[in-house]
Amino acid sequence: MKVNSRYPQKPLRRKTFKFDILLFLMVLIFVFGYVPTITNTSRLHLCVLSLVCVSSIFLPYRIVVFLRDSVCLYTYVSVTDFLLKSVKTYNWRSIFCTCGPIIGLLLFHWLHHENDVKFQDLLSVQFSLLDIFICLLIPALGLYYQWDDCPLLESYRLEETSKFSGGSCMARGFFYGYLKIITPGLYDKIIIFQNENNLSDKEVPVKRLFVLIPSSTFIFDKLRKEADTVEPVEEGLDAHKQDRGLVLKRAYQNSMYKVRNKEKDRDYYVPLEGATPLKTFYETCISEPQYKEFKSEIISSFYYELERLINRDRIVKDMVELIYYDDENDPDIELAEVVKQRIKYLNRLNKSKNKKRKVL
């Protein structure tokens, strides 16, 4: 499989904030701005009809969801704890987005046209099917905004399964408990390896640690040879020894791998390893399959949290390269190709930076 080297792969992540705002404004402008110009219904009557639609469709749905969540009341000792949990985790955004603008328009109209508004007039208005259909967009908007809600039932379920914390905590443990320990002297160790083996800069083009993040979370303990394109080097980098957690001279050692590049008849040498927290998660799912349904969320939160931590650390940022690849949709993907394409991408990136520096 050919890998797009210009734009490295990243896990899917829900980023819809700008789209949500744009959709919200478009619906409000359409319903209360454009529709009154093409129908005989005033903005005031559209507000009332929209509020009726929300009250009859959307709010009952939210009440049902809340009652469903309240079944888990026994999880907490007191009703107060349950109510506090409700306020904290329940997504009220959808209700405010649907009802807030309508109530605001009604109040504005009432304050500026107090003498013109009569309750009897609202009851005598006959709405067309088109008016009802258009106003149904408001409760539909509310249903969309609660799509990524975190209901109490889900929150309880996560707490009941051994205080499951997610991929971000795994990323912090991997960063603070491993990457920050090995990276300070990693560059010098790569240079020592290069000099001892009489390798050129073209053969060791990237002097940083490649961390593999597969979408399946499966990582080999010992990398198998892939058509003689990837093989481990017997002599890895020098071990870093450090007293940690009452373990004296704990050894941290990274392995070097030779990646064959048939295009240029040259081998690449790179320090390569898998993200061990994901390996642990994979093994956890074997014994406890209920965690498998959270795999995509775990990988996404692990990757982006680890990327954030790496980018804000001056030393680690220049010494670690995260490589995400999708081995679920493409089980035959070659790791050698993934690594080579990333090397090419980094080389192009460095050349581009050097050109900009020369121009400046």
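Residues numbered from 1 in each chain as written. Predicted model: local features only at pLDDT ≥ 70, side-chain atom pairs only at ≥ 80, totals over all residues. Heavy atoms only, no water.

- Under an unreviewed UniProt entry, the name given to the protein is STING ligand-binding domain-containing protein, and the source organism is Cuerna arida.

1. What to know about the overall build of the protein
Okay, step 1: Counting its regular elements, the protein contains 14 helices and seven strands.
Okay, step 2: Counting over 360 residues, the protein shows a buried share of 41%.
Okay, step 3: Summing over all exposed atoms, the protein offers an accessible surface of approximately 21,900 Å²; the carbon and sulfur share of this is 58%. (Helix = DSSP H or I, 4+ residues; strand = E, 2+ residues; numbered from the N terminus. Buried < 20%, exposed > 50% of the residue type's maximum accessible area, 1.4 Å probe, protein only. Areas by Shrake-Rupley, 256 points an atom, 1.4 Å probe, with all protein chains shown as cover.)

2. Here's the deal with unusual backbone geometry
Okay, step 1: A positive phi angle, close to 65 degrees, is found at Thr 217, a residue other than glycine.
Okay, step 2: When you line up the elements, Thr 217 lands in the loop between strand 1 (209-214) and strand 2 (230-232).
Okay, step 3: Residue classification places Thr 217 among the buried positions, given a relative accessible area of 1%.
Okay, step 4: Located in the positive-phi region is Lys 249, a residue other than glycine, with phi close to 55 degrees.
Okay, step 5: You can see Lys 249 is positioned in strand 4 (residues 247-252).

3. As for the UniProt feature "transmembrane region" (unreviewed entry) in the protein
Okay, step 1: Residues annotated by UniProt as "transmembrane region" (unreviewed entry) correspond here to residues 21-37, 43-61, 92-111 and 123-145.
Okay, step 2: Secondary structure content for residues 21-37 is 100% helix and 0% strand, while the C-alpha to C-alpha distance between its ends is 24 Å. (UniProt positions renumbered as here; feature names shortened; annotations may be inferred.)

4. Quick notes on the sheet that holds strand 7 (residues 320-325)
Okay, step 1: As summarised here, the arrangement of the five strands in space is 2-5-6-1-7, forming an open sheet in which the pairing is mixed. This sheet does not close on itself; its edge strands, each paired only once, are strand 2 and strand 7. Across the sheet, the mean angle from the axis of one strand to that of its neighbour is 40 degrees, orientation sign disregarded.
Okay, step 2: Packing against the sheet, helix 9 (residues 167-182) makes contact with strand 1, strand 6 (266-274) and strand 7, and its axis sits at approximately 155 degrees to strand 1. (Pairing = 2+ DSSP bridges. Axes fitted to C-alpha atoms, helices over the stretch in contact; angles between N-to-C directions. Contact = heavy atoms within 4.5 Å.)

5. Topic: the packing of helix 9 against helix 12 (residues 295-311)
Okay, step 1: In the contact formed by helix 9 and helix 12, the axes pass within 7 Å of each other and the chain directions differ by 40 degrees. Between helix 9 and helix 12, the angle is such that the two are oblique. For the element pair helix 9 and helix 12, the recorded crossing hand is right-handed. On helix 12, the residues that touch Gly 167, Ser 168, Met 170, Ala 171, Arg 172, Phe 174, Phe 175, Tyr 176 and Leu 179 of helix 9 are Ile 298, Ser 301, Phe 302, Glu 305, Leu 306, Leu 309 and Ile 310.
Okay, step 2: The residue inventory of the contact of helix 9 with helix 12, partitioned by class, reads eleven nonpolar, three polar and two charged. (Parallel < 35°, antiparallel > 145°, perpendicular 65-115°, else oblique. Left-handed = near helix turned anticlockwise from the far one by under 90°. Nonpolar A, V, L, I, M, F, W, Y, C, P; charged D, E, K, R; others polar.)

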